[in-house]
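Each chain, letter by letter, is given below.
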Amino acid sequence: DDLEEHLGQMIVLRKPDLIEAAVRNTSKHLNEKDKILNQNAQCQHKIAEHLRKKKGVDERQEVEKSVTDQEQRYLKCLQALDELELENETNPKRRRCSNK
């Protein structure tokens, strides 16, 4: 009986120690979680910034490509016009427009 009572008192005496240890452990883990969440937010911010910059570069490349494509189409049209004018000069009978 005395042994059981003594063990019961030890357990009772140890409960506050266990609770205190659990609180310290929980606090430690919460601090670690906050640190990790902060690192995660910083990483996501860097990723978003990188993607925003990359998108800007991609858009400029698309604009440059579009301008180049338009210039090439324009040059082809000019070349076709020159060919038609040359054809018209060499073959005046094919003129459809008449000067009145």
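What this report covers is the structure whose coordinates are included nearby.

1. Considering the overall build of the chain
Along its length, the chain carries 1 helix and 0 strands. Among the 100 residues that make up the chain, the fraction classed as buried is 0%. A total of about 10,200 Å² of accessible surface is found on the chain, and carbon and sulfur atoms cover 55% of it.

2. A look at the pattern of salt bridges
Per the stated rule, a full pass over the model turns up 2 salt bridges. For Arg24, the salt bridge identified is with Glu20, shortest N-O distance 2.8 Å. Here Arg24 and its partner Glu20 are both found in helix 1 (residues 2-90), 4 residues apart, which amounts to about one turn of the helix. Where Lys53 meets Glu49, a salt bridge forms, and the shortest distance between an N and an O atom there is 4.0 Å. Of this pair, Lys53 and Glu49 both sit in helix 1, 4 residues apart, which is roughly one turn of that helix. The class for Lys53 is exposed, based on a relative accessible area of 57%.

3. A word on a nonpolar patch on the surface
Nonpolar side chains collect at one region of the surface, where Tyr74, Leu75, Leu78 and Leu81 lie side by side and expose about 400 Å² of accessible area between them. Tracing the backbone shows Leu81 in helix 1. A relative accessible area of 43% places Leu81 in the partly exposed class.

Thresholds, definitions, all that
- Here the residue numbering is sequential within each chain, running from 1 through the sequence in written order.
- Only residues with pLDDT of at least 70 are given local features in this predicted model, and only at 80 or more are side-chain atom pairs given and counted; all residues enter the totals for whole chains, interfaces and linings.
- Side-chain calculation: all heavy atoms of the structure are included, whereas hydrogens and water are not.
- Labels follow the DSSP assignment, with helices taken as runs of H or I lasting at least four residues and strands as runs of E lasting at least two, numbered in each case from the N terminus.
- Exposure is judged per residue with a 1.4 Å probe applied to protein chains only, and the accessible area is read against the type maximum: over 50% gives exposed, under 20% gives buried, and values in between give partly exposed.
- Exposure was quantified through the Shrake-Rupley algorithm and a 1.4 Å probe, taking into account, for residues, occlusion by the shown protein chains and nothing else.
- The term salt bridge refers to a pairing of a side-chain nitrogen on Lys or Arg with a carboxyl oxygen on Asp or Glu at a separation within 4 Å.
- By definition, no residue in a patch forms a salt bridge, and every one has over 30% relative accessible area; like charges are joined within 9 Å, nonpolar side chains (Val, Leu, Ile, Met, Phe, Trp, Tyr) within 5 Å.

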